[in-house]
Structures are given as C-alpha cells and as structure tokens.
Amino acid sequence: MYSTRVAALRGTRGSSHSPRSGSSCKLGGDHGGGSFKLSLQIANTNHPNALNNTIPICMFNEKDSPANLHTALGRYATQIKELQESTWQGKSMRIFLFGDYEFQTVNYGLSGSAGVRPCLHCHCQKRDMATTQDNRPADDKQPRTLATLEQDYAGFTTAGGQLSKAKQHRNVIRPVLLPVDVDNVIIPVLHLDLGIYTWMFEALMKDLQELDRKLAAQGTAATTDPTTFEKLCKLREQIAINNATVQQHAIEQQ
C-alpha cells in the first residue's frame, strides 16, 4: 500500500517527492469527535497534510486510553519495524510519529506527564527541568531510545510491575506500541505554544482584574489618571496581539 501510494504521488502535480532523498512518512494518532484515528501521510511532498495524502489505518469509537490503544495499535508493531527496515527504489524509508504529548507518552509506555521522569526524549527528572544540563545528574542527561525503553520496561515487570515504583524504572510501565525511533518523534509545537499562551493570557487577565478592582476602590476619579489609564490600554492591546499571533500560528500549522 505504501509503495503504491508513493508511486502515485510521483506523478501528481505539485508533488515534491523524489527517490533521490528517500521516502519519509508521518504516522500519528488523534482523538476527536468521539473517535480515535490513526493515519499515515507521505511527508516529503508539497502538501503532506492534504486530504488525498492521508491514509486511514485504524479507527475506533472509544477514548484513547492506554488499554484501548494497546488493543488497537499493538498489531502494527511488526509492520512498522519492517517498513523502517525496507527500501523504496534503493532508498531508505524514514517514519516520523506525530500526535499530542499524551498519545506520545502512551505509545512509548511512559506513565505520563505527572511522572518523576516525564520527558519522552531523555531521563531528566521533573525537579531538574528548570536547571541547565551542566547542573543535572549524569543519568538525567541520557537520551531515551527504543532500547532503553525496552530495558526499563523489562526491569519494571521483573520487579513486579507496581505503579508505586515506576520512578525506579524511569517511569516506563508499558511496552512500546508503534516502535518509531524516539529521534523521529515530532514535537507537538502547536500544543506547547497554546499552553504558553494560555499561561500568559491568564496572567494578563489577573493583572486586568486587579487593576479593575483598584479602579473601583479608588472611585471614578481614578479613571482620569493618565498613568493608570495608559497601563490598562497597554494590557488590553497586548492581549489582542497575543490572540492574533496564536490564531495566525494555528493557521500556519494546518
């Protein structure tokens, strides 16, 4: 199916796919509208997110819980390994994984973002994330790989599989579902941007509410104070700018 789709794209107007650069595809899952969808997309084309470039692989009308994902996706592990080891017209194939962070952590067997070691890409402990790498323990600097994930999961199960002791095994409590190299995981930048923006928006709203409270306490005469009024206007202008920036970024990511 994959080779057939790539061959078809080579003759499609606007396609930038070329066997000279090998073949890349994106594999990812998303839950929305009451169902979970797993899809495959040829990545090195001009429009990788186009509808006619999206190949549905799996869909179920349930929550994307770890148990449901294990049942639905576990069957594809062997095929993913074979695809990554195969070639197309003599060129290697690369698979990238996309999805929100919750889906990514479930796929790689981590206990989640609330764990002691929540990072998918390294062993850093949550308490050390605010420090520079030079000040972190040696183990925190080590990258996660499919091999280390398998080793940590084996240690977790051998020790009895107790969730209370997940931190002793770097928070790996389940097997990897789709064995895509960790280096090929696409970081969900849009979700991160929205999270940062939400934090900034809430901070600005808190400042505005405090300013309104002070204005109410001081009476209507305070509204004629140029300094206070100027501060209020600047805060509201910043909110409008942030809203426009986030909306533009969301459009570009589509």
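Structure shown above.
Residues numbered from 1 in each chain as written. Predicted model: local features only at pLDDT ≥ 70, side-chain atom pairs only at ≥ 80, totals over all residues. Heavy atoms only, no water.

**Q** Where do I start with the packing of aromatic side chains in this structure?
**A** The way to describe two aromatic rings as a pair is by their centre distance and the angle between their planes. For the structure on display, the rule yields three aromatic pairs. Ring geometry for Y197 against F201: centres 5.9 Å apart, planes inclined by 35 degrees, an arrangement best described as tilted. Of this pair, Y197 and F201 both sit in helix α6 (residues 189–218), four residues apart, roughly one helical turn. Of the residues examined, F201 reaches a relative accessible area of 29% and is grouped as partly exposed. Chaining the aromatic ring pairs together yields one cluster made of F36, F60 and F103. Above the ring of F98, the side-chain terminus of K26 is found at 5.3 Å from the ring centroid. (Phe/Tyr/Trp six-rings, centres within 6.5 Å; stacked < 30°, edge-to-face > 60°. Helix = DSSP H or I, 4+ residues; strand = E, 2+ residues; numbered from the N terminus. Buried < 20%, exposed > 50% of the residue type's maximum accessible area, 1.4 Å probe, protein only. Lys NZ or Arg CZ within 6 Å of the ring centre and 35° of its normal.)

**Q** Quick question: what am I supposed to make of a nonpolar patch on the surface here?
**A** There is a patch of nonpolar side chains on the surface, built from I187, V189 and L192 and spanning about 260 Å² of accessible area. Relative to the helices and strands, L192 resides in helix α6. Looking at L192, the relative accessible area reads 48%, which means it is partly exposed. (Patch = residues over 30% accessible without salt bridge, like charges linked within 9 Å, V, L, I, M, F, W, Y side chains within 5 Å. Areas by Shrake-Rupley, 256 points an atom, 1.4 Å probe, with all protein chains shown as cover. Salt bridge = Lys/Arg side-chain N within 4 Å of Asp/Glu carboxyl O.)

**Q** Explanation requested: the sheet that holds strand β3 (residues 54–60) in the structure shown.
**A** The pairing of strands in a sheet comes from backbone hydrogen bonds and takes either a parallel or an antiparallel form. Strand order in the open sheet made by the five strands is β3-β2-β1-β5-β4, with mixed pairing throughout. Each edge of the open sheet carries a strand with a single partner, namely β3 and β4 (87–88). Direction of pairing for strand β1 (residues 23–32) relative to strand β5 (residues 91–98): parallel, over a ladder of six bridges. Within the sheet, the bridge partner assigned to G28 lies in β5 and is F98. The strands that helix α2 (residues 66–73) touches are β2 (35–42) and β3; relative to β3, the one it contacts most, it runs at about 125 degrees. Against the sheet, helix α3 (residues 77–85) engages β1, β4 and β5, with an angle of about 135 degrees to β5. (Pairing = 2+ DSSP bridges. Contact = heavy atoms within 4.5 Å. Axes fitted to C-alpha atoms, helices over the stretch in contact; angles between N-to-C directions.)

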